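# Descriptive structure summary
Here's the letter readout for the chains.
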Amino acid sequence: MDLKLYGLKAVVTGGSSGIGAAIVRVLAEEGCDVAFCARGQAGIDKALAAYVGRAGLAGKVQGRALDVTDTAQLQQWLTELGGFDIFIPNVSALSGDWDAAIATDLRATVAATEAALPFMAASSCAAITYIGSKAGSLAAPNSAAYGAIKAALAHYMKSLALRVLPAIRVNTVSPGDTLVIDGFWDKVRAEDPASYLRVQQRNPLGRLASAEEIARVVAFVSSPAASFVAGANWYVDGGSVAHVQI
Ligand SMILES: NC(=O)c1ccc[n+]([C@@H]2O[C@H](COP(=O)([O-])OP(=O)(O)OC[C@H]3O[C@@H](n4cnc5c(N)ncnc54)[C@H](OP(=O)(O)O)[C@@H]3O)[C@@H](O)[C@H]2O)c1
């Protein structure tokens, strides 16, 4: 299947590592020109260096150091990029702290998404794909802020879809437990092997997802090949969320 991503322009927030970096790579492999941001210049340089001379990378990749909670900086970056087709708000504070979750996951994501809308107006295949989490549908007494804000954002994205369709398709992709090198679960694996084993066991596939397994779904949902997919919340959780979503 041709995803018809070749020649499109994509913007990814938080693209120097983890799921965001995998999304950048998969979109570029499919021929998108991709711009991503992250706070640390060193991480950006490392990510960009990995793309130099990489076989199979059809699109160009560029990175910008900025913090998504600085809306003025983010707006300036989008203005410099000009028009684009695909926007992937991926940054999370990955925190159970209410202030951090509200500032980064809620306020910055909504501000960035609203700021992106005018830059997608000229695209004939505009798509926003928010990176949510299965945590948005699971009670989590020790990290309620993270899950509650993910649920709020899935709600916002659904409402936004109905607001901006037919011009822009808006969807959420909600990953399950994902093993990212130097990421959250990688640290648990190193520091608390018993907890890591429990996380593996709660996944019917007996393992965590790779970032690439999430990114491939994000690329499809964001692509013209998914032209009738809108207002949906896609769980990429290896079957680990047991309840029926209706
Ligand atoms: N990993 C999982 O198991 C899992 C499961 C479900 C959902 N998710 C979701 O997937 C998304 C990515 O998670 P991840 O595990 O891939 O995270 P990660 O490995 O920690 O990567 C986060 C990326 O975002 C950047 N970033 C962080 N804060 C930023 C900010 N304020 N402004 C700009 N860039 C920022 C980081 O670079 P700098 O630090 O240099 O800024 C990095 O490039 C999140 O929305 C998360 O909730 C993850």
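Residues numbered from 1 in each chain as written. Predicted model: local features only at pLDDT ≥ 70, side-chain atom pairs only at ≥ 80, totals over all residues.

## Quick word on the site of the ligand
- In the vicinity of the ligand lie 30 residues, with Gly-14, Gly-18, Arg-39, Gly-40 and Ser-92 positioned nearest.
- Broken down by secondary-structure element, the contributors of at least two residues to the shell around the ligand are α1 (18-29), β2 (33-38) and α6 (184-191).
- Considering every element that reaches the shell around the ligand, the biggest residue donor is α1, with three residues.
- A per-class count over the shell around the ligand returns 11 nonpolar, 16 polar and three charged. (Near = placed C-beta within 6 Å. Helix = DSSP H or I, 4+ residues; strand = E, 2+ residues; numbered from the N terminus. Nonpolar A, V, L, I, M, F, W, Y, C, P; charged D, E, K, R; others polar.)

## Re α1
- For α1, spanning 12 residues, the distance from its first C-alpha to its last is 17 Å, which sits close to the expected 16 Å at 1.5 Å a residue.
- The element α1 is extensively covered by neighbouring structure, given that 11 of its 12 residues are classed as buried.
- Regarding α1, the residues found buried are Gly-18, Ile-19, Gly-20, Ala-21, Ala-22, Ile-23, Val-24, Arg-25, Val-26, Leu-27 and Ala-28.
- Gly-31 occupies a position one or two residues after α1 and carries a positive phi of about 100°. (Expected span 1.5 Å × (residues − 1). Buried ≥ 20, exposed ≤ 12 C-beta atoms within 10 Å, placed from the backbone.)

## Overview of the packing of α6 against helix α7 (residues 193-201)
- One can describe the packing of α6 onto α7 by two numbers: an axis separation of 6 Å at closest approach and a directional angle of 125°. When the axis of α6 is compared with that of α7, the two are oblique. Contacts from Trp-185, Val-188 and Arg-189 in α6 reach Pro-193, Ser-195, Tyr-196 and Val-199 in α7.
- Each residue belonging to the contact of α6 with α7 can be placed in one class, and the counts come to five nonpolar, one polar and one charged. (Axes fitted to C-alpha atoms, helices over the stretch in contact; angles between N-to-C directions. Parallel < 35°, antiparallel > 145°, perpendicular 65-115°, else oblique. Contact = placed C-beta atoms within 7 Å.)

## Observations regarding the packing of α1 against helix α8 (residues 211-222)
- Two elements in contact, α1 and α8, have axes separated by 8 Å at closest approach and are oriented at 55°. Regarding the angle of α1 to α8, the classification is oblique. Between α1 and α8 lies a crossing whose hand is right-handed. Residues Gly-18, Ile-19, Ala-22, Ile-23, Val-26 and Leu-27 of α1 touch α8, and the partners they reach there are Ala-211, Glu-212, Ile-214, Ala-215, Arg-216, Val-218 and Ala-219. (Left-handed = near helix turned anticlockwise from the far one by under 90°.)

## Some details on the sheet that holds strand β4 (residues 86-88)
- The seven strands lie next to each other as β3-β2-β1-β4-β5-β6-β9, forming an open sheet whose pairing is parallel. The open sheet is flanked by β3 (61-65) and β9 (233-236), the only strands paired with a single partner. Shown here is a sheet whose adjacent strand axes are inclined to one another by a mean of 20°, direction ignored.
- Pairing geometry for β2 and β3, over five bridges, is parallel. (Pairing = 2+ DSSP bridges.)

## Brief notes about helix α4 (residues 98-116)
- Given a rise of 1.5 Å per residue, 19 residues ought to cover 27 Å, and the 25 Å separating the end C-alpha atoms of α4 matches this to within 8%.
- The largest bend in α4 amounts to roughly 30° and is located at Ala-108.
- The inward-facing, buried residues of α4 contact β1 (9-13), α3 (71-81), β4, β5 (126-131) and α5 (144-164). (Bend = angle between axes of the 7 residues up to and from the residue.)

## With respect to the pairing of β1
- Most of β1 is tucked away, with five of its five residues classed as buried.
- Alternating residues of β1 divide into Lys-9, Val-11 and Thr-13 and Ala-10 and Val-12, and every residue in both groups is buried.
- Bridging between β1 and β2 involves five bridges; their strand directions are parallel. Bridge pairing in β2 links Ala-10 to Val-34.
- A crossover connection joins β1 to the parallel β2 through α1; in handedness this β-α-β unit is right-handed.
- The pairing of β1 with β4 spans three bridges and is classified as parallel. Within β4, the position partnered with Ala-10 by the bridge is Ile-86. (Right-handed = clockwise from strand over helix to strand, strands pointing away.)

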